[in-house]
Amino acid sequence: FPPASRILPEPISLELIANAMTTEIRYTLDGSTPDEFSPIYTEPIRVDANADVRARAFGPGRLQSATSQRVFMMLDADLADWNSDLPIVVVDASGVIPQNFIFSHLFVLDRGADGRVALTDPVSFAGDIGVKVRGNSTTGRPKKTYGVEIRNERGTDRAAEILGMPTDSDWVLYGAFNNDLALMRNAYMYELSNQVGLYAPRTRFCE
């Protein structure tokens with residue numbers, strides 16, 4: 001997979017490459033694991049919509065390869081020039097996110113040398129997740145908090161580093177509302193606690 005996972009401002013042609021010993025490459029576009037019944041790759045794949053592309057190489061008398069994956073999200077033209085001075089976190093979930101985990105994709109884009117980031121910039125993380133609304137009494141607030149589990153191709157937990165914080169599989173997109181409209185109090189106290197050597201979550205502000 002030459003191109004990395006990313007948010008696409010326009011369609012691309014995706015070329016898959018395997019070594020000369022491989023008989024065929026089989027692929028899927030729906031996030032399922034390719035098997036001997038999946039389509040055979042014969043020409044570049046046009047990606048013009050959100051896609052979870054997975055591919056494996058097959059050869060006679062050989063075990064199939066591990067699954068390779070790329071995740072793509074098509075960007076609406078209205079957002080092509082949008083940018084921020086905060087890291088951007090994009091969750092690819094159609095419809096309303098419920099209180100039970102659903103499968104989705106996560107894209108994380110960090111700021112560049114100029115202190116800004118656009119949706120068309122390279123992603124620092126892209127992959128499978130489970131996502132749900134987090135909390136109990138807070139779930140009715142206008143601003144939700146979300147629990148995120150980063151997952152591997154088998155749907156089990158996978159630790160990853162996000163925005164320079166320690167690696168883990170469980171993350172929170174914390175949307176304080178009633179008690180912290182400025183979004184500053186918890187983050188400030190967590191930072192003080194970390195600086196004096198006590199435990200507290202690491203945080204990064206993000207869009």
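We now turn to the structure provided with this report. Predicted, not measured: the structure shown is a model, and the values here were computed from it.

Once that is clear, we can look at the overall build of the chain. Within the chain, the regular secondary structure consists of one helix and 13 strands. Taken from the N to the C terminus, the helices and strands of the chain come in the order β-β-β-β-β-β-β-β-β-β-β-β-β-α. By principal-axis analysis of the C-alpha atoms, the chain measures approximately 60 × 35 × 35 Å. Across the 207 residues of the chain, 36% fall into the buried class. Partitioning the intrachain contacts of the chain with sequence separation of at least 6 by distance along the chain shows that 52% fall at a separation of at least 24. For the chain, the exposed surface amounts to about 12,500 Å²; the carbon and sulfur share of it is 50%. Distance between charge centres in the chain, computed from 20 positive and 27 negative side chains, equals 6 Å.

A few words now on the environment of I129. Considering the arrangement of structural elements, one finds I129 in strand 11 (residues 125–133). Spatially, the C-alpha atoms of I129 and F107 are 10 Å apart, while their sequence positions differ by 22 residues. Setting aside anything within four residues of it in sequence, one finds I129 in contact with V91, I102, F103, S104, H105, L106, V148, E149, I150 and R151.

On to a nonpolar patch on the surface, then. The grouping of L183, M184 and F205 at the surface amounts to a nonpolar patch, some 260 Å² of accessible area in total. The topology assignment puts M184 in the loop between strand 13 (170–173) and helix 1 (185–195).

Overall, mixed pairing links the four strands, which are arranged 1-6-5-3 in an open sheet. Looking along the sheet, the strands with just one partner apiece sit at the ends: strand 1 (6–8) and strand 3 (24–28). Between one strand axis and the next, the sheet turns by 30 degrees as a mean value, whatever way the strands run.

Here we come to the side chain of T67. Topologically, T67 is positioned in the loop between strand 5 (51–58) and strand 6 (68–74). Within the structure, the side chain of T67 is placed 3.5 Å from the side chain of R56, a separation counted as a polar contact. For T67, the residues in contact, after removing those within four places along its chain, are T33, P34, R54, A55, R56 and E153.

Let's shift gears to the sheet that holds strand 9 (residues 102–109). The strand order across the open sheet formed by five strands is 8-9-11-12-13, and the pairing between neighbours is antiparallel. In this open sheet, the two edge strands, each paired with only one partner strand, are strand 8 (88–92) and strand 13. For this sheet, the mean inter-axis angle between neighbouring strands, taken without regard to orientation, is 35 degrees. Where strand 11 meets strand 12 (residues 146–150), five bridges bridge the pair, whose relative direction is antiparallel. Paired with V131 across the bridge in strand 12 is V148.

By the definition in use, this model includes six salt bridges. For D48, the salt bridge is made with R46, and the minimal N-O distance between the two is 3.5 Å. Here R54 makes a salt bridge to D128, at a shortest N to O gap of 2.6 Å. Of this pair, R54 sits in strand 5 while D128 sits in strand 11, and the two are 74 residues apart along the sequence. The class for R54 is buried, based on a relative accessible area of 2%. Overlapping salt bridges bring together D52, R54 and D128 as one network.

Procedures and definitions
Residues numbered from 1 in each chain as written. Predicted model: local features only at pLDDT ≥ 70, side-chain atom pairs only at ≥ 80, totals over all residues. Heavy atoms only, no water. Helix = DSSP H or I, 4+ residues; strand = E, 2+ residues; numbered from the N terminus. Buried < 20%, exposed > 50% of the residue type's maximum accessible area, 1.4 Å probe, protein only. Contact = heavy atoms within 4.5 Å. Areas by Shrake-Rupley, 256 points an atom, 1.4 Å probe, with all protein chains shown as cover. Lys, Arg positive; Asp, Glu negative; His and termini not counted. Charge placed at Lys NZ, Arg CZ, Asp CG, Glu CD. Patch = residues over 30% accessible without salt bridge, like charges linked within 9 Å, V, L, I, M, F, W, Y side chains within 5 Å. Salt bridge = Lys/Arg side-chain N within 4 Å of Asp/Glu carboxyl O. Pairing = 2+ DSSP bridges. Axes fitted to C-alpha atoms, helices over the stretch in contact; angles between N-to-C directions. Polar contact = N/O pair within 3.5 Å; in protein donor to acceptor, adjacent residues only side chain to side chain.

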